[in-house]
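A closer look at the structure
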Amino acid sequence: MSENKNKLREELENWKNGTLKKALDRFPERREEFKTNSDIHVDPLYTPLNEEDYIENLGFPGEYPFTRGVQPTMYRGKFWTMRQYAGFASAEETNRRFKYLLEQGQTGLSVAFDLPTQIGYDSDHPMAHGEVGKVGVAVDTLEDLEILFDKIPLDKVSTSMTINAPAAVLLAMYIAIGEKQGISKEKLAGTIQNDILKEYIARGTYIFPPEPSMRLITDIIKYCSKEVPRWNTISISGYHIREAGSNAIQEIAFTIANGLAYVDAALESGLDIDEFAPRLSFFFNSHLDFFEEIAKFRAARRLWAKLMKERYGAKNPKSMKMRFHTQTAGCTLTAQQPNNNVVRVTLQALAAVLGGTQSLHTNSRDEALSLPTEESVQIALRTQQIIANESGAADTVDPIGGSYYVENLTNKLEQEAQELINKIDDLGGAPKAIDQGFIQKEIQDSAYEWQKSVEDKEQIIVGLNEFKVEEELNLSTHKVDEKVADAQKNKLEKIREKRDNKTVEDCLNKLQDAAEGTDNLMPYIIKAVKEYATLGEICGALRETFGEYEADSYI
Amino acid sequence: MLTVTPIRVVVGKPGLDGHDRGAKFIARALRDAGMEVIYTGLRQTPDQIVSIALQEDAKVLALSCLSGAHNELFPKIVSLLKEHDAEDILVLGGGVIPEDDIPYLKEQGVSEVFTPGTTSNDIIEFIKNNVSKEGA
């Protein structure tokens, strides 16, 4: 082996000083230095000399350190879940879109909620003005969720809900409609995003301060570990961190640092690592730099496995497996020549598949213009189906594994992310690093650098800063009817008349008492939603007890 | 020696939209171009934004919204400025704003709407040209 390597080293030197040098003398390279999106230096050529210990670094799929995938057969057994994020306007309209997507061959549902729902306001709250039903579906009471999942069998689909601050309320509603459909809690499968730390960092839909927010999360984790065992209690999300402008290294590091904070909180609440870690899941972005992205997924998986084993002493291999959903990078889509976005999404989706994702959302070509149209959503879903069924990319496990370049990048990304995590550890962990604005500033600096590099044409974006055409942006866009807000308000009024208001009040009072104490809040919330207490009322009761978070803004 | 007062800009995020990557980039780019920039932070009501603009004696109010609530929120802000006799403040809008909505927003008093793909230089130029014209 080492004899071979010595021989190779010799030959490589010969090549550099001979063939390569001659070529470079005649034709210099396009750039002085080649770098990845995360500023990692790229050599002209990678060889087996760059590969280190196969057994230790790569191993086998389904085995520690899971570099080559969390399952032994990966997509040879079953394709990734094709899960398009959807939701807009009213529950009725979203229910129609869900059924359309299921008919088109989508295999899991993913609910987008409007901003008032995500921030715990009812549709008739003054802060909700102009926002009802815009970026997702409006949910005020259990009735809305009943309509949303009408005739969709909850024991046959898994549902992902992008909900964070009020995650407990939506989960409670989901459990309640499950019961109404005659499906017990043990059979419900799905995910709530439930990742509050990244809200403070990157997405902005927080309600409460960090401490009570973390308590709500651990209450959910505890409740589900006993009552809803198939539920993914949290989806630790790098997606939004990347959308806010981080690079790939920061995406891995900040996501994992947040993950470690949730693990610490759950351990402090008295759970054993192997009791809850198997239900932790992740959510990543798939960005433009194809090979760096493939390497990113592999590096993140290996790093998480090592941390779970070495830092926390997890024994169950399931605790060490980083399972993740991926979404292609919305922030890379251009309003100019929107059809080019289909190509961007294809490459990003392929990178996610080659990186071993468990589930995938492909963005629609018109997202830089508005919410996607049905036609655009269909193309986006077809993109996944073509990769799955036509490209052959799913026919062997980790087909890029062993690429000298990708393995080298995987090692570098892992190392650099580990260093950044060490820095966050030194600051006292993710919540403290967020408190000090460290993570936010790091992301903003990267976002600024990136945007500058686009404006200076160091980074070429086809159709945006190069290869431009005169065009009219005449793609038909999706519009949300302003009447949705009025309809929601009417619905709310009727429910407040119909329900037993005394019982609702009693439920809310008991919830508040529990919030002041240490009881698990989930049973109280479930009771309240079943009585048709509104999301705004439940969050309002908790606001009174917990207070509201006020963010510092850094520019 | 001639002293030039820097242009004061308030960058505002009305509504519940939490996507402020663009707003923060613009804030920083305007500051690098020599302007004084105040960023309101997330989740501001039209009233709050107008009162910050007045307090800060802003010449420019740059609003960013990606949630689709722009047609409700931007005109509301413009009309509040009018109520406070502050129509001379140059109001700009940015974000994911469909082409179809732009004429309406301009009718309502938003001077210019910058959609994805706009460079910071375009915005800086626009501000310099339009603020000076109004004799700020």
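Model, not experiment: these values are computed from the prediction. (Residues numbered from 1 in each chain as written. Chains lettered and ligands numbered in written order. Predicted model: local features only at pLDDT ≥ 70, side-chain atom pairs only at ≥ 80, totals over all residues. Heavy atoms only, no water.)

Looking now at the overall build of chain B. When its secondary structure is counted, chain B shows 5 helices and 5 strands. Across chain B, helices and strands are ordered from the amino to the carboxyl terminus as β-α-β-α-β-α-β-α-β-α. Whereas a compact globule of 136 residues would reach a radius of gyration of roughly 14 Å, chain B reaches 14 Å, a difference of no more than 12%. In terms of its C-alpha atoms, chain B occupies a principal-axis envelope of roughly 45 × 35 × 25 Å. Residue burial in chain B is summarised as follows: out of 136 residues, 55% are buried. (Helix = DSSP H or I, 4+ residues; strand = E, 2+ residues; numbered from the N terminus. Rg over C-alpha atoms; globule rule 2.2 N^0.38 Å. Buried < 20%, exposed > 50% of the residue type's maximum accessible area, 1.4 Å probe, protein only.)

Our focus in this paragraph is the interface of chain A and chain B. Facing 42 residues of chain A, the contacting portion of chain B comprises 35 residues. Around 3100 Å² of area is buried between chain A and chain B when both sides are counted, 55% of it from carbon and sulfur atoms. There are 1 salt bridge connecting chain A and chain B. The partner of Arg28 of chain B in a salt bridge is Asp445 of chain A, and the shortest N-O contact between them spans 3.0 Å. The interface formed by chain A and chain B includes 12 residue pairs in polar contact (both at pLDDT 80 or more). If you list the elements that add at least two residues to the side of chain A that touches chain B, you get helix H4 (115–118), helix H7 (196–203), helix H9 (239–243) and helix H18 (438–455) of chain A. With 8 residues, the top contributor of residues to the side of chain A that touches chain B is H18 of chain A. When grouped by side-chain class, the residues that make up the side of chain A that touches chain B number 21 nonpolar, 10 polar and 11 charged. (Contact = heavy atoms within 4.5 Å. Buried area = accessible area lost by both parts, 1.4 Å probe. Salt bridge = Lys/Arg side-chain N within 4 Å of Asp/Glu carboxyl O. Polar contact = N/O pair within 3.5 Å; in protein donor to acceptor, adjacent residues only side chain to side chain. Nonpolar A, V, L, I, M, F, W, Y, C, P; charged D, E, K, R; others polar.)

Turning our attention to the packing of aromatic side chains. Residue and element names in this part refer to chain A. If you walk through the whole model with that rule in mind, you get 21 aromatic pairs over all chains. These aromatic residues form a ring-pair network of at least three members: Phe282, Phe284, Phe297, Trp304 and Phe324. The lysine or arginine in question, Lys309, covers the ring of Tyr64, its NZ or CZ lying 4.2 Å from the ring centre. Looking at Arg543, its charged tip hangs above the ring of Tyr121, at a distance of 4.4 Å from the centre. (Phe/Tyr/Trp six-rings, centres within 6.5 Å; stacked < 30°, edge-to-face > 60°. Lys NZ or Arg CZ within 6 Å of the ring centre and 35° of its normal.)

Right, let's get into the side chain of Lys296 of chain A. Residues and elements named next belong to chain A. Within the fold, Lys296 resides in helix H12 (residues 290–311). For Lys296, a relative accessible area of 1% puts it in the buried group. In terms of polar contacts, Lys296 uses its side chain to reach the backbone carbonyl oxygen of Asn285, at 2.5 Å. Beyond its immediate sequence surroundings of up to four residues, Lys296 is in contact with Arg242, Ala248, Glu251, Ile252, Asn285, Ser286 and Leu413.

Attention shifts here to the environment of Glu56 of chain A. Residues and elements named next belong to chain A. Examined against the element boundaries, Glu56 turns out to sit in helix H2 (residues 54–57). For Glu56, a relative accessible area of 57% puts it in the exposed group. For the pair Glu56 and Thr67, spaced 11 residues apart in sequence, the C-alpha separation works out to 9.9 Å.

A word on helix H1 (residues 21–32) of chain B. For an α-helix, 3.6 residues make a turn, and residues three or four places apart therefore share a direction. Under the 1.5 Å per step criterion, the end-to-end length of H1 of chain B is 16 Å for 12 residues, consistent within 8% with the ideal 16 Å. Phi turns positive one or two residues past the end of H1 of chain B, at Gly34 of chain B, with a value near 95°. (Expected span 1.5 Å × (residues − 1).)

The next thing to look at is the sheet that holds strand E3 (residues 60–64) of chain B. Residue and element names in this part refer to chain B. Ordered by their spatial adjacency, 5 strands build an open sheet running E2-E1-E3-E4-E5, and the pairing between neighbours is parallel. The sheet terminates laterally at strand E2 (36–39) and strand E5 (112–114), the two strands that pair on one side only. Each strand axis lies, on average, 20° off the axis of its neighbour in the sheet, ignoring direction. Contacts between helix H3 (residues 70–83) and the sheet are confined to E3 and strand E4 (90–94), with E3 contributing the most and set at about 160° to the helix. (Pairing = 2+ DSSP bridges. Axes fitted to C-alpha atoms, helices over the stretch in contact; angles between N-to-C directions.)

Glancing now at the layout of surface pockets. All names here are of chain A. Here the second largest pocket is characterised by a volume of approximately 1400 Å³. Along the wall of the second largest pocket there are 37 residues; nearest its centre are Lys35, Thr36, Asn37, Trp450 and Gln459. Of all the secondary structure elements, the ones that give two or more residues to the lining of the second largest pocket are H12, helix H14 (340–354) and H18. In the lining of the second largest pocket, the residues fall into 12 nonpolar, 12 polar and 13 charged. (1 Å grid on protein atoms, 1.4 Å probe; cavity = no way out; pocket = protein on both sides within 12 Å on 5 of 7 lines; lining within 4 Å. Points joined across faces, edges and corners; volume = space filled by probe spheres on them.)

Attention shifts here to the pairing of strand E8 (residues 280–286) of chain A. Residue and element names in this part refer to chain A. Extensive coverage of E8 is indicated by the burial of 7 of its 7 residues. Both faces of E8 are covered, namely the face carrying Leu280, Phe282, Phe284 and Ser286 and the face carrying Ser281, Phe283 and Asn285. Of the pairings in the sheet, the one linking E8 to strand E9 (residues 324–328) comprises 5 bridges and is parallel in character. Bridge pairing in E9 links Ser286 to Thr328.

Residue and element names in this part refer to chain A. For helix H19 (residues 483–498), spanning 16 residues, the distance from its first C-alpha to its last is 23 Å, which sits close to the expected 22 Å at 1.5 Å a residue. Three or more residues of H19 are buried, namely Val484, Ala485, Gln488, Lys491, Leu492 and Ile495. Projected down its long axis, H19 carries its buried residues within an arc of 125°, all on one side. Seen from the buried face of H19, the exposed residues on the opposite side, beyond 90 degrees, are Lys483, Glu493, Lys494 and Glu497. Looking at the buried side of H19, the elements it contacts are helix H3 (91–103) and helix H5 (142–148). (Arc of directions from axis to C-beta.)

This paragraph deals with unusual backbone geometry. All names here are of chain A. Cis geometry is adopted by the peptide bond preceding Pro65, which originates at Tyr64 and carries an omega value of 0°. Here Pro65 shows up in the loop between H2 and strand E1 (81–82). In this model, Phe66 sits at a positive phi of 65°, which is unusual for a non-glycine residue. Position of Phe66 relative to the elements: it lies in the loop between H2 and E1. For Phe66, a relative accessible area of 1% gives the class buried. Despite not being glycine, Met74 has its phi angle at roughly 45°, a positive value. Its place among the elements puts Met74 in the loop between H2 and E1. The buried category is assigned to Met74, whose relative accessible area is 5%.

So, on to a nonpolar patch on the surface. Judged by side-chain polarity, Ile460, Val462 and Phe467 of chain A come together as a nonpolar surface patch covering roughly 270 Å² of accessible area. Here Val462 of chain A shows up in the loop between H18 and H19. (Patch = residues over 30% accessible without salt bridge, like charges linked within 9 Å, V, L, I, M, F, W, Y side chains within 5 Å. Areas by Shrake-Rupley, 256 points an atom, 1.4 Å probe, with all protein chains shown as cover.)

Residues and elements named next belong to chain A. All told, the structure shown has 37 salt bridges over all chains when counted by the stated rule. One salt bridge in this structure joins Lys296 and Glu251, with 2.7 Å as the shortest N-O distance. Of this pair, Lys296 sits in helix H12 while Glu251 is found in helix H10 (residues 248–268), placing the two residues 45 residues apart along the sequence. What makes Glu251 buried here is its relative accessible area of 0%.

Right, let's talk about the packing of helix H6 (residues 167–180) of chain A against helix H8 (residues 210–227) of chain A for a bit. Residue and element names in this part refer to chain A. For the pair H6 and H8, interaxial distance at closest approach is 10 Å and the crossing angle is 25°. The angle between the axes of H6 and H8 places the two elements in the roughly parallel class. Note on element contacts: H8 touches H6 through Leu216, Ile220, Tyr223 and Cys224, opposite Ala167, Ala168, Leu171 and Ile175. Grouping the constituent residues of the contact of H6 with H8 by class yields 8 nonpolar, no polar and no charged. (Parallel < 35°, antiparallel > 145°, perpendicular 65-115°, else oblique.)

All names here are of chain A. What the 5 strands build is an open sheet, ordered E2-E3-E4-E5-E6; its pairing is parallel. Whereas interior strands pair on both sides, the edge strands pair on one side only; in this sheet they are strand E2 (85–86) and strand E6 (231–232). Across 3 bridges, strand E4 (residues 159–162) lies against strand E5 (residues 190–192) in parallel orientation. Looking across to E5, one finds that Thr159 is bridged to Gly190. Against the sheet, H6 engages E4, E5 and E6, with an angle of about 150° to E4.

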